Every structure is written in C-alpha cells, then in structure tokens.
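Secondary and tertiary structure notes
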Amino acid sequence: AVLDECGNCDSNSENDCYQDCLGVWDGDAILDSNGDCCPNSSLIDECGICEGTGSITWFFDFDGDGWGGSDATELACPNSTLPSGWVMNNDVVRV
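Everything in this summary refers to the structure shown in the same document. (Residues numbered from 1 in each chain as written. Predicted model: local features only at pLDDT ≥ 70, side-chain atom pairs only at ≥ 80, totals over all residues. Heavy atoms only, no water.)

Looking at the overall build of the chain
Across its full length, the chain holds zero helices and seven strands. Whereas a compact globule of 95 residues would reach a radius of gyration of roughly 12 Å, the chain reaches 22 Å, over 25% beyond that. Based on the C-alpha atoms only, the size of the chain along its principal axes is roughly 70 × 25 × 15 Å. Classification of the 95 residues of the chain by burial places 23% in the buried group. Counting only contacts in the chain whose residues sit at least 6 apart along the sequence, the fraction spanning at least 24 positions is 22%. (Helix = DSSP H or I, 4+ residues; strand = E, 2+ residues; numbered from the N terminus. Rg over C-alpha atoms; globule rule 2.2 N^0.38 Å. Buried < 20%, exposed > 50% of the residue type's maximum accessible area, 1.4 Å probe, protein only. Contact = heavy atoms within 4.5 Å.)

Below, the structure written as structure tokens:
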C-alpha cells in the first residue's frame, strides 16, 4: 500500500488524488476553454471561460466599414469564430 498526497493509504488507484492546475492536491481548479487555470468550476461561464462575461452581441457590418448596425445581431461567445462581416462594435456615430 502507498500513502498518496491526500492521505489515502491503499493499493487502489481509483481513489488516488492528483494536483489540479494550481498545484493543489485534490483541488477543484480546472482549465477553461482558453487553457487558463480557473480556481473553481462554478466560475466558468456558458462559453467555458473562467470569470467570463458569457455570450455577447455581435453585429453584422453591412457596408464593410468595421462598424456594425443593429439590423442584424447574433449572440455568441467572445471566443467564437463567426463568419466574415460580424463585428463587436455597433457604434455607427463617427466624427
């Protein structure tokens, strides 16, 4: 029998503990979808990002000027790859 870092002393490898991404033995930290270490899975948003904002509104840029309009919107994660023409900015007021 072997005593592991979490105090289990047996020959059953099913209950062995491991270090999480923060180096804590039997800890709760996990990697998010960006590969960043998140201290707790409850902090992961719907997009898989630790302490992220969740889905954001993207705007279609009809005229190709880099500014979207409110005529066509799409909710998607900030780490999504949307087809060409979608932008995060709908501020069409320019000086």
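On we go from here.
A word on the sheet that holds strand β6 (residues 73-76)
With antiparallel pairing, the three strands of this open sheet are ordered in space as β6-β5-β7. Strands at the two margins of the open sheet, each flanked by one partner only, are β6 and β7 (86-87). Bridge analysis of strand β5 (residues 56-60) against β6 gives four bridges, and the strand direction is antiparallel. Each bridged residue has a counterpart across the sheet, and for Trp58 the counterpart in β6 is Glu74. (Pairing = 2+ DSSP bridges.)

Describing unusual backbone geometry
Only a minority of non-glycine residues have a phi that is not negative, and only a minority of peptide bonds are not trans. Phi at Asp26 takes a positive value of approximately 60 degrees, unusual for a residue other than glycine. Notably, Glu51 is not glycine yet its phi reads approximately 55 degrees, a positive angle. In this structure, Glu51 sits in the loop between β4 (37-38) and β5.

Comments concerning the packing of aromatic side chains
If you walk through the whole model with that rule in mind, you get two aromatic pairs. Between Phe60 and Phe62, the ring centres sit 4.9 Å apart and the planes meet at 70 degrees, which makes this aromatic pair edge-to-face. Between Phe60 and Trp86, the aromatic rings sit 5.3 Å apart at their centres with planes inclined by 70 degrees, giving edge-to-face as the arrangement. Of the two residues, Phe60 sits in strand β5 while Trp86 sits in strand β7, which places them 26 residues apart along the sequence. Taken together, Phe60, Phe62 and Trp86 form an aromatic cluster joined through their ring pairs. (Phe/Tyr/Trp six-rings, centres within 6.5 Å; stacked < 30°, edge-to-face > 60°.)

With respect to the state of the cysteines
Scanning the model with the defined rule gives three disulfides in all. Covalent S-S linkage joins Cys47 and Cys77, the inter-sulfur distance amounting to 2.1 Å. Of note, the bridge from Cys47 to Cys77 carries an S-S torsion of about -85 degrees and is left-handed in sense. Of this pair, Cys47 sits in the loop between β4 and β5 while Cys77 sits in the loop between β6 and β7, and the two are 30 residues apart along the sequence. (Disulfide = S-S within 2.5 Å.)

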